[in-house]
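Here's the letter readout for the chains.
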Amino acid sequence: MPQFDVVIIGAGMSGLAAGIRAKMLGHENVAIVERHTIAGGLNSYYQRGKRQFDVGLHALTNFARLGEKNRPLLKICKQLRIPYDRLQLKEQRFSSIQFPFGEINFTNNKQDLITSVERLFPDEIRGLHGLIEYLSQFNETDLERPFISTRQELTHFFNNQNLIEMLLWPLLIYGSACEDDMDFGQFAIMFKAIYQEGFARPLGGVRTIIDLLLERFKMLGGEIFFKKEVKALHHDNQSCIQSLEFKDGETWQATMIFSSVGQNETWQLTKKNNALAPIGRMSFTEAIFVFDSLTAAQSPTIAFYSGHASAQYHRPEMLFDKESAVICFPNNYTDCEYKETVVRITHPANYDLWKNLSPQAYRKEKENVKEAGLALLSKNYGVDATRLLFHDVFTPLTVERYTGHQAGAVYGSPHKIKNGATPFSNLFLIGTDQGFLGVVGALLSGISMANLYLFKPTSHQMQVPNEL
Ligand SMILES: Cc1cc2nc3c(=O)[nH]c(=O)nc-3n(C[C@H](O)[C@H](O)[C@H](O)COP(=O)(O)OP(=O)(O)OC[C@H]3O[C@@H](n4cnc5c(N)ncnc54)[C@H](O)[C@@H]3O)c2cc1C
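Just so we're clear, the structure is a prediction, and the values are computed from it rather than from any experiment. (Residues numbered from 1 in each chain as written. Predicted model: local features only at pLDDT ≥ 70, side-chain atom pairs only at ≥ 80, totals over all residues. Heavy atoms only, no water.)

1. Some words on the overall build of the protein
The condition is simple: Each helix is a run of H or I in the DSSP string that is no shorter than four residues. Each strand is a run of E no shorter than two, and both are numbered from the N terminus. Our radius of gyration is a C-alpha quantity, and the globule rule it is checked against amounts to 2.2 Å times the number of residues to the power 0.38. Only protein chains enter the accessibility calculation, which uses a 1.4 Å probe. A residue is then buried if its area is under 20% of the maximum for its type, exposed if over 50%, and partly exposed in between. Where accessible areas are quoted, they stem from the Shrake-Rupley method and a 1.4 Å probe; at the residue level, only the protein chains shown are allowed to cover. Counting rule for charge: Lys and Arg are taken as positive, Asp and Glu as negative, and neither His nor the chain ends is counted. Taken as the charge location is NZ of Lys, CZ of Arg, CG of Asp or CD of Glu.
Along its length, the protein carries 13 helices and 18 strands. Relative to the 2.2 N^0.38 estimate, which gives 23 Å for 468 residues, the radius of gyration of the protein is 22 Å and therefore close to what a compact globule would have. Counting the 468 residues in the protein, one finds 60% classified as buried. Counting only carbon and sulfur atoms, one obtains 50% of the accessible surface of the protein, whose full area is about 19100 Å². Within the protein, one finds 47 positive and 49 negative side-chain charges whose respective centroids are separated by 5 Å.

Here it is in C-alpha cells:
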C-alpha cells in the first residue's frame, strides 16, 4: 500500500499552497489528490473553441506593490517563494458600489474611497476615519475569537444606514458564508483586502497563478494526482485516520491529511452520519458574455450593483436575484490578454429551486439568466446585445458538480473551524471551511495550516513558520 507523509485532498488554491509549504517544511512524500483533470478548484479555467475563460476570477484582492510592508500578497509570495513579478498583476481602473440612492467609487489608492464617501455622506466622514483607525488596530487573524456581528459593530461608527449597506455589499458578496451579515474579523480582512489594498488581475487570468503554484510544487518534488477522487477516510480507533480509499479502488496510508473539500464533505468521507455544521446557503449564477467590440470602455472594472435599497445578501426566494449583481469587465484592468470584450455577471441564487427544475426548465432558466444580464448591461452601460458573440451560464448546480461543495455553497458553511482541527488527530481542514475566503484567503489558509501542523523543529530547510 502506498505510504505518504502528507496527503492533501483537493488541488484548489489552499491545497496547492499547503502542498508547497509541506515540502518546504521538509516533509518527504507529499501528494495532492484531485478528482478533476486540472487544478484550481472553485477558481479554475476552461476552454470553449479558441477562447479560454476563468471559471471564477473577477479579481485578485489584496493588491500590493513590491516593497510595501505587511501586505498579505507579498507574504504569500515570500512563503511560497514565488517571484512577485511572475504574477504579472494588472491593476483595476476603478470599482463602483451602485445603489438606487447613489454611487461610491474606489481604486487601489485607499484615499479614493474616503473622498467618494465624503461626497455622498459628508456627515459620516468622521465615522469612516474612526472605523479605519479601529481596523488598523484590530487583530483579524485571531483564530480563537467568536463571531461578532458586523452589522451591529458598524452602528457604533455610522448613523446613516445607507452607507452601512453600501460598505457591506461588496464585502458580503465577495466573502461571506453567512446570510445578510458577516463576522467582524472577516469584515476587517475584507475591508483591508478590497477597500485599502484593492483589485488586480494576473495577465493570463487565474491560470497564471495555478501554473506558478503547480510549477513550484513539482519543482520541490511534490506529487500531484489528477482524476484521483477520495471515496472514504477509514479510521479504526475513531481518533486517527488510518487510510484513504479512492474511487479507482486504490488505498493509501498517510501520516497527516489536509482536506480542502469542506467540513461536512470531509466528514462524510469518514462515513459519519451526523452533519458537523450547517450547509452554506449562499450560491450564485454567473453569466459570461463575449462581445465583438469594446462597448463599455467607460465602465468600472467591477460594479457591485444593487437595485434594492439595502444589501440583499441571502438565498433569494426566486431562482436568482437579478437586482443584486457583481458585474466584472476584465478588459478594464490596465492590461488584459482578451482581444474581445468579456463581461461576467454574478447574481445570488437559490440552489434548491435550481435543483428541482426539469432538464427542459433548467435550460430555459439559464437562458433567463443570460437575458437578465444583457438587460442589466444595456440599462447601466448601454451595451449593445446584438454584438454578443458567445455566452455561457453557470448555476449553483454547476458549482456543486465541478467542486463538490454541497449546495453549490461557494463560501462553504457559515461555521468555520479557524484552527483547522477535526475530531481526528491527523486530519485538518484547509481552505473555505477553515475560514479564509477568496483566492488570497485560500492561499493564506493552506500556508498557515501547514505551518501550524507540519512544522518540524529538526528540519534544516525550515524558516520560522508563523510569519503569517
Ligand atoms: C464563480 C466564482 C467566482 C469567484 N470569484 C472570485 C474572485 O473574483 N476573487 C477571489 O478571490 N475569489 C473568488 N472566488 C472564490 C475562490 O475561488 C475560492 O474562495 C477559493 O478558490 C477556494 O479555494 P479552496 O482551496 O478553499 O477550495 P476549492 O477551490 O473548492 O478546492 C477544493 C478542491 O477539492 C477537490 N475535491 C473535492 N472533493 C474531492 C475528493 N473527494 N477527492 C479529491 N478531490 C476533491 C475539488 O475538485 C477542488 O478542486 C470565486 C468562486 C466562484 C465559484
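2. Some words on the nonpolar core
One broad trend across soluble globular proteins is that nonpolar side chains are buried collectively. Heads up, the rule is: Here, the term nonpolar core denotes a set of buried Ala, Val, Leu, Ile, Met, Phe, Trp, Tyr and Cys residues that are joined through side-chain atoms within 4.5 Å. Contact between two residues is taken to exist if any of their heavy atoms lie within 4.5 Å; hydrogens are not considered.
Within the largest apolar cluster, 52 residues are counted, with the highest numbers of intra-cluster contacts made by Tyr174, Phe187 and Phe191. Looking at this core element by element, the count peaks at 9 residues for helix H6 (residues 161-173). Look past the residues within four positions of tyrosine 174 in its chain and what remains in contact with it is His58, Met190, Ile194, Phe199, Ile302, Phe304, Val326 and Tyr411.

3. With respect to the site of the ligand
The following threshold applies: The cutoff for a nearby residue is simple: one of its non-hydrogen atoms must lie within 4 Å of the molecule or strand. Whenever two N or O atoms come within 3.5 Å, that pair is a polar contact, provided that in protein one can donate a hydrogen and the other can accept it, and provided that, for residues adjacent in sequence, both atoms are side-chain atoms. By the convention adopted, Pro, Cys, Tyr, Trp, Phe, Met, Ile, Leu, Val and Ala count as nonpolar, Lys, Arg, Asp and Glu as charged, and the other residues, Gly among them, as polar.
For the ligand, the set of nearby residues contains 31 residues, the closest of which are Ser14, Glu34, Leu42, His58 and His405. At 3.3 Å from a nitrogen atom of the ligand is found a main-chain nitrogen or oxygen belonging to arginine 35. Valine 230 is positioned such that a nitrogen or oxygen atom in its backbone is 3.0 Å from a nitrogen atom of the ligand. Those elements that provide at least two residues to the shell around the ligand are helix H1 (13-24), helix H12 (396-403) and helix H13 (438-454). Among the elements that make up the shell around the ligand, the one with the highest residue count is H13 (3 residues). Its residues assigned to classes, the shell around the ligand comprises 12 nonpolar, 15 polar and 4 charged.

4. Quick look at the confidence of the model for the protein
Low pLDDT marks stretches whose predicted atomic positions should not be read closely. Threshold: pLDDT measures the predictor's confidence residue by residue and takes values from 0 up to 100.
When the pLDDT values of the protein are averaged, the result is 93; 96% of them are 70 or greater. Low confidence marks residues 459-468, where pLDDT is under 50. Its contacts with residues over four positions away, or in another chain, come to 28 contacts.

5. Quick notes on the pairing of strand E4 (residues 51-54)
Rule in force here: In short, DSSP must find at least two bridges between two strands for them to pair.
Bridge analysis of strand E3 (residues 45-48) against E4 gives 4 bridges, and the strand direction is antiparallel. Across the sheet, the residue bridging to tyrosine 46 is phenylalanine 53, located in E4. Between the antiparallel neighbours E3 and E4 lie 2 residues, among them glycine 49 with a positive phi of about 60°.

6. Description of the sheet that holds strand E14 (residues 302-306)
Strand pairing in a sheet is mediated by backbone hydrogen bonds. Such pairs are either parallel or antiparallel. To be explicit about the condition: For every element, the axis is a line fit to its C-alpha atoms; helices are fit only across the contacting stretch, and the angle between N-to-C directions ranges from 0 to 180 degrees.
Here 7 strands make up an open sheet; going across it, the order is E7-E6-E14-E15-E16-E13-E17 and the pairing mixed. Taken across any chain shown, the strands that pair with only one partner, and hence form the sheet edges, are strand E7 (102-106) and strand E17 (388-394). Neighbour to neighbour, the strand axes of the sheet diverge by 15° on average, direction disregarded. Where strand E13 (residues 283-291) lies against strand E16 (residues 341-349), 9 bridges are found, and the strand directions are antiparallel. Bridge pairing in E16 links phenylalanine 289 to valine 343.

7. Comments concerning unusual backbone geometry
Even without being glycine, asparagine 62 reaches a positive phi, approximately 60°. With phi around 60°, alanine 407 is a residue other than glycine that occupies positive phi space.

8. Quick notes on the domain arrangement of the protein
Keep this limit in mind: Boundaries between domains were set according to an automatic or database domain assignment. Throughout, buried area stands for the accessible area (probe radius 1.4 Å) lost by two parts on being put together, summed over both. Salt bridges are identified by distance alone: a Lys or Arg side-chain nitrogen within 4 Å of an Asp or Glu carboxyl oxygen.
When its domains are assigned, the protein resolves into domain 1 (3-60 + 205-278 + 411-454), domain 2 (107-197) and domain 3 (281-397). Once you take the C-alpha centre of each, domain 1 and domain 2 turn out to be 30 Å apart. The partner domain 2 presents 13 residues to the 13 residues of domain 1 that form the contact. Counting each side, the surface lost to burial between domain 1 and domain 2 is near 980 Å², with a carbon and sulfur contribution of 59%. For the interface between domain 1 and domain 2, the tally reads 1 salt bridge. One salt bridge connects aspartate 183 with lysine 418, and the closest N-O pair in it is separated by 3.3 Å. Where domain 1 packs against domain 2, one counts 4 residue pairs in polar contact (both at pLDDT 80 or more). Among the residues making up the side of domain 1 that touches domain 2, the classes are represented as 5 nonpolar, 6 polar and 2 charged.

9. Digging into H1
Using the following cut-off: Multiply 1.5 Å by the residue count of a helix minus one, and that product is the helix's expected span.
The end-to-end C-alpha distance of H1, which contains 12 residues, comes to 17 Å, matching closely the 16 Å that a straight helix rising 1.5 Å per residue would cover. Buried residues dominate H1, accounting for 12 of its 12 residues. If you check which residues of H1 are buried, you get Met13, Ser14, Gly15, Leu16, Ala17, Ala18, Gly19, Ile20, Arg21, Ala22, Lys23 and Met24. Where H1 ends, the next residue or the one after it, glycine 26, has phi of about 95°, a positive value.

10. What to know about the pairing of strand E12 (residues 251-259)
As judged from the 6 bridges shared by strand E1 (residues 3-9) and E12, these two strands associate in the parallel manner. The residue of E12 that forms the bridge with valine 7 is isoleucine 257. Pairing of strand E11 (residues 243-246) with E12 involves 2 bridges; the strand directions are antiparallel. Residue pairing in the sheet places leucine 244 in a bridge with tryptophan 252 of E12. From the end of E11 to the start of E12, which pair antiparallel, there are 4 residues, and glycine 249 there has a positive phi angle of about 100°. Of the strand pairs in this sheet, E12 and strand E18 (residues 427-429) are connected by 3 bridges, and their pairing is parallel. Note that in E18 the partner of serine 259 across the bridge is leucine 429.

11. Description of the packing of helix H3 (residues 110-120) against helix H4 (residues 125-137)
Under the convention used in this document: For this classification, under 35 degrees means roughly parallel, over 145 means roughly antiparallel, 65 to 115 means roughly perpendicular, and everything else is oblique. Two helices crossing with the near one rotated counterclockwise from the far one by less than a right angle form a left-handed crossing, whereas a clockwise rotation gives a right-handed crossing.
Look at H3 against H4: their axes get within 9 Å of each other, and the N-to-C directions meet at 150°. Here H3 is positioned roughly antiparallel relative to H4, judged by the angle of their axes. The handedness of the crossing between H3 and H4 comes out as right-handed. Between H3 and H4, the contacting residues are Ile114, Val117 and Glu118 on the first element and Ile125, Leu128, His129 and Ile132 on the second. Class assignment for the residues of the contact of H3 with H4 results in 5 nonpolar, 1 polar and 1 charged.

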